[in-house]
Amino acid sequence: MSYQAPRVLIIPGLHDSGPAHWQTWLQGQYRDARRVTQRDPSKPELERWAERIQRTLEVAGEGEWLAVAHSFGCLALARHLADQPASPIREALFVAPAEPDKFGIAESLPHHRLPRRSRLIASSTDPWMSAASAARWAHRWGASYSNLGPVGHINAEAGFGPFPLAKSWIEAARARAAAEQRPRHAEFREWAFAV
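What you see is a predicted model, and the numbers here were worked out from it, not measured in a lab.

The rules behind these values
- Residues numbered from 1 in each chain as written.
- Predicted model: local features only at pLDDT ≥ 70, side-chain atom pairs only at ≥ 80, totals over all residues.
- Heavy atoms only, no water.
- Helix = DSSP H or I, 4+ residues; strand = E, 2+ residues; numbered from the N terminus.
- Expected span 1.5 Å × (residues − 1).
- Buried < 20%, exposed > 50% of the residue type's maximum accessible area, 1.4 Å probe, protein only.
- Contact = heavy atoms within 4.5 Å.
- Pairing = 2+ DSSP bridges.
- Right-handed = clockwise from strand over helix to strand, strands pointing away.
- pLDDT = per-residue confidence, 0-100.
- Core = buried A, V, L, I, M, F, W, Y, C linked by side-chain atoms within 4.5 Å.
- Axes fitted to C-alpha atoms, helices over the stretch in contact; angles between N-to-C directions.
- Phe/Tyr/Trp six-rings, centres within 6.5 Å; stacked < 30°, edge-to-face > 60°.
- Lys NZ or Arg CZ within 6 Å of the ring centre and 35° of its normal.

Undergrad: Outline helix α3 (residues 72-83), listing residues and values.
TA: With 12 residues, α3 extends 17 Å from end C-alpha to end C-alpha; this agrees with the ideal 16 Å at 1.5 Å per step. Burial analysis of α3 places 10 of its 12 residues in the buried class, which makes it a mostly covered element. Every buried residue belonging to α3 is among Phe-72, Gly-73, Cys-74, Leu-75, Ala-76, Leu-77, Ala-78, Arg-79, His-80 and Leu-81, and all of these are buried. Against the buried residues of α3 lie β1 (7-11), α2 (46-60), β3 (65-71), β4 (89-97) and α4 (131-141).

Take a look at the structure:
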């Protein structure tokens, strides 16, 4: 079976991500990308949102995924990764998470290192989560942390249509996945030539 690069899973926040949002732009960059669509994207229900991620992955079939979450979607993704140790998500990108305390769900989130490599990108002027809180959650989850400065909630309203940083993260994650595959392919080819 030939190597398949991990596919991109888009996990929007409240009210989904509209046509001008960087998540919609990012989804358009990858023809095999999938979006997690909540039944009611205006109702932030952590367990239900996390289960929806799981169902989306089950329907999408075999293979690894790179998850790109925004706002409340970040919290659902963290919960999914904690609940599903065998998740096919290989790496996770959390962009501008929402503050769990705003929803009274901090205790329902993992307070330990997540079982996947991850990165959290925040802003110093995000009305949904302070930079200090974002840094704390990144530390708890074992995620690398970047603060982009005074750029609001990193959404369409803050001027983020295209978001090249998210695309370069995907390309780097795909390169890491491909590099892990190379030794196995090399051994197979050497074996084939030896026959």
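Undergrad: Before we move on, could you go through the pairing of β4 and cite the residues and values that matter?
TA: Taken across its 9 residues, β4 has 9 buried, putting it largely inside the fold. Both β3 and β4 contribute to a ladder of 7 bridges, which runs parallel. Its bridge partner lying in β4, Ala-69 is registered against Phe-94. The β-α-β motif built from β3, the intervening α3 and the parallel element β4 has right-handed crossover chirality. Taken together, the 5 bridges between β4 and strand β5 (residues 117-122) define a ladder with parallel strand orientation.

Undergrad: Give me the lowdown on the confidence of the model for the protein, citing residues and values where you can.
TA: Averaged over every residue, the pLDDT of the protein is 93; residues scoring 70 or more account for 93%. Under a pLDDT of 50 for its full length, residues 190-195 has, in the predicted model, 0 contacts with residues more than four places off or in other chains.

Undergrad: Hey, could you go over the nonpolar core for me, with residue numbers and the actual values?
TA: If you look at the biggest cluster of nonpolar residues, it comprises 35 residues, and the most contacted ones within it are Ile-53, Leu-77, Ile-89 and Phe-94. If you list the elements that add at least two residues to this core, you get β1, α2, β3, α3, β4, β5 and α4. Element by element, the count of residues in this core is highest for α3, at 7 residues. By size, the runner-up hydrophobic cluster in this structure holds 19 residues, among which are Ala-33, Ala-96, Phe-160 and Trp-169.

Undergrad: Outline unusual backbone geometry, listing residues and values.
TA: For Asp-16, which is not a glycine, the phi torsion comes out positive at approximately 65°. On the basis of relative accessibility, which here comes to 28%, the residue Asp-16 falls in the partly exposed class. Positive phi, close to 50°, is recorded for Ala-96, a residue that is not glycine. With respect to the helices and strands, Ala-96 occurs in strand β4. Since its relative accessible area comes to 1%, Ala-96 is described here as buried.

Undergrad: Explain the sheet that holds strand β6 (residues 144-147) residue by residue, including any values.
TA: Read from one edge of the open sheet, 6 strands run β2-β1-β3-β4-β5-β6, paired in parallel fashion. The strands lining the two open edges of the sheet, one partner per strand, are β2 (34-35) and β6. The pairing of β5 with β6 spans 4 bridges and is classified as parallel. Residue pairing across strands places Ala-122 opposite Asn-147, the latter belonging to β6. Packing against the sheet, helix α1 (residues 22-29) makes contact with β1, β2, β3 and β4, and its axis sits at approximately 165° to β3.

Undergrad: Which residues make up the packing of aromatic side chains, and what values do they have?
TA: Under the counting rule described, the total for this entry stands at 7 aromatic pairs. Plain terms: the ring middles of Trp-137 and Trp-141 are 5.3 Å apart, the flat faces sit at 50° to each other, and that makes the pair tilted. Of this pair, Trp-137 and Trp-141 are both found in helix α4, 4 residues apart, which corresponds to roughly one turn of the helix. On the basis of relative accessibility, which here comes to 3%, the residue Trp-137 falls in the buried class. Judged by relative accessible area, Trp-141 falls into the buried class, the value being 1%. An aromatic cluster of at least three residues, connected via ring pairs, comprises Trp-49, Phe-72, Phe-103 and Trp-128. Over the aromatic face of Trp-128 sits the side chain of Lys-102, whose NZ or CZ is 5.8 Å from the ring centroid. A cation sits over an aromatic face here: Arg-140 above Trp-137, 4.3 Å from the ring centre.

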